[in-house]
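# Summary of the model geometry
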Amino acid sequence: SLNNKFFGGAFMLEKINYSHNKPIDIKDGFVNGQGKGAVSALRYGFFPMSYNGCEIIAAYNFLKLEGRNAFSLAEIARDMYKEVWAFCGLLGSNVYRAAHFFKKHGIPLERTLSYDAFFDALDSSKHGILSFWNARHPFRGVHTVCIERIDGGYRIYNRSNMKTNPCEYKTREEVTEKCRFMCGYFIPRD
């Protein structure tokens, strides 16, 4: 059927992209500024990661903060594509399905749709993944970042397409000042 051909092709694309991404892969350090450097040449679906790779990059940076360095960016893109892709990458990834990738790898990530619950959880979890609407309305798109609780505030990785350093904010209100919270992921800790 036509549907099977389309979806079969979509999953074939994940293998083609993995072959493309692996030689230019990034394994060390955090990724910031998805429109800059080697990460911008990586592919996800039909597009370069400079366009749609924020969920992949957020997962990569989160795993780095958690000390789980076994995953390369190319491997994360390949595995997440199988679980969370949205229209062959046109819409990036489905932010509400991101936990499927982590569950597959035995990482107990929890999702919350509550702004306060997410930021309260960061006090003990220390690291999380935050998805939000840009500019408080859906026509500016969705962005997903890795967030770290630091002394005196929060550090956001890959906050901007063009800034190659993390951004720091003093309060949760500053973090979400120009955006609208969608959901957040964290590993529960007591």
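Along each chain, the written sequence defines residue order, and numbers are assigned to residues from 1. Reporting of local features is limited, given that this is a predicted model, to residues whose pLDDT is at least 70; pairs of side-chain atoms are given and counted only at 80 or more, and all residues count toward the totals for whole chains, interfaces and linings. No hydrogens and no water enter the side-chain calculation; it runs on all heavy atoms of the structure.

### Notes on the overall build of the protein
Only DSSP runs of H or I covering at least 4 residues are called helices, and only runs of E covering at least 2 are called strands; the numbering of each starts at the N terminus. Scanning the protein from terminus to terminus reveals 7 helices and 8 strands. Whether a residue is buried, partly exposed or exposed follows from its accessible area with a 1.4 Å probe, protein chains only, as a fraction of its type maximum: under 20%, in between, or over 50%, in that order. Looking at the protein as a whole, 48% of its 190 residues are labelled buried. Contacts between residues were defined by any pair of non-hydrogen atoms, one from each residue, lying within 4.5 Å. Expressed as a percentage of contacts within the protein between residues at least 6 apart in sequence, the contacts between residues at least 24 apart total 63%. In these tables, accessible area is a Shrake-Rupley quantity obtained with a 1.4 Å probe, and a residue counts as shielded only by the protein chains included in the view. Taken as a whole, the protein presents about 9,400 Å² of accessible surface, with 54% of it coming from carbon and sulfur.

### Some details on the environment of His-105
As for its placement among the helices and strands, His-105 is situated in the loop between helix 5 (99–104) and strand 3 (110–112). Relative accessible area serves as the criterion here: at 27%, His-105 is assigned to the partly exposed category. Between the alpha carbons of His-105 and Asp-79 there is a distance of 9.9 Å; along the sequence they are 26 residues apart. When near neighbours in sequence (up to four residues on either side) are disregarded, His-105 contacts Phe-71 and Asp-79.

### So, the sheet that holds strand 6 (residues 153–157)
For two strands to count as paired, DSSP must find a minimum of two bridges between them. Spatial ordering of the open sheet is given by 3-8-4-5-6-7, a layout of 6 strands whose pairing is antiparallel. Every interior strand has two partners, whereas the edge strands, strand 3 and strand 7 (167–169), have only one. Pairwise comparison of adjacent strand axes, ignoring direction, gives a mean angle of 30° for this sheet. In the sheet, strand 3 pairs with strand 8 (residues 179–186) via 3 bridges, with the strands oriented antiparallel. Considered in strand 8, the bridge of Glu-110 is made with Phe-186. Between N-to-C directions, angles cover 0 to 180 degrees, with each direction set by a line fitted to C-alpha atoms, over the stretch in contact for helices. Across the face of the sheet, helix 3 (residues 54–65) comes into contact with strand 4 (127–134), strand 5 (142–150) and strand 6 while running at roughly 15° to strand 5.

### Concerning the environment of Tyr-115
Checked against the element boundaries, Tyr-115 lands in helix 6 (residues 115–125). Distance from Tyr-115 to Phe-181, taken between C-alpha atoms, is 6.5 Å for residues 66 residues apart in sequence. Among residues more than four places away in sequence, those in contact with Tyr-115 are Arg-172, Glu-173, Thr-176 and Phe-181.

### What about the side chain of Ser-125?
Structurally, Ser-125 can be placed in helix 6. In this structure Ser-125 comes out as buried when scored by relative accessible area, which is 1%. For Ser-125, the residues in contact, after removing those within four places along its chain, are Glu-66, Phe-186, Ile-187, Pro-188 and Arg-189.

### Description of the pairing of strand 6
Among the 5 residues in strand 6, 4 count as buried, and that is most of the element. Relative to strand 6, strand 5 is paired through 5 bridges, and the arrangement is antiparallel. Within the sheet, the bridge partner assigned to Ile-147 lies in strand 6 and is Ile-156. Between strand 5 and strand 6, which pair antiparallel one after the other, the connecting turn spans 2 residues, and Gly-152 there sits at a positive phi close to 85°. Inspection of the sheet shows strand 6 paired to strand 7 by 3 bridges, in the antiparallel sense. From the neighbouring strand, Tyr-154 faces strand 7, where its bridge partner is Tyr-169.

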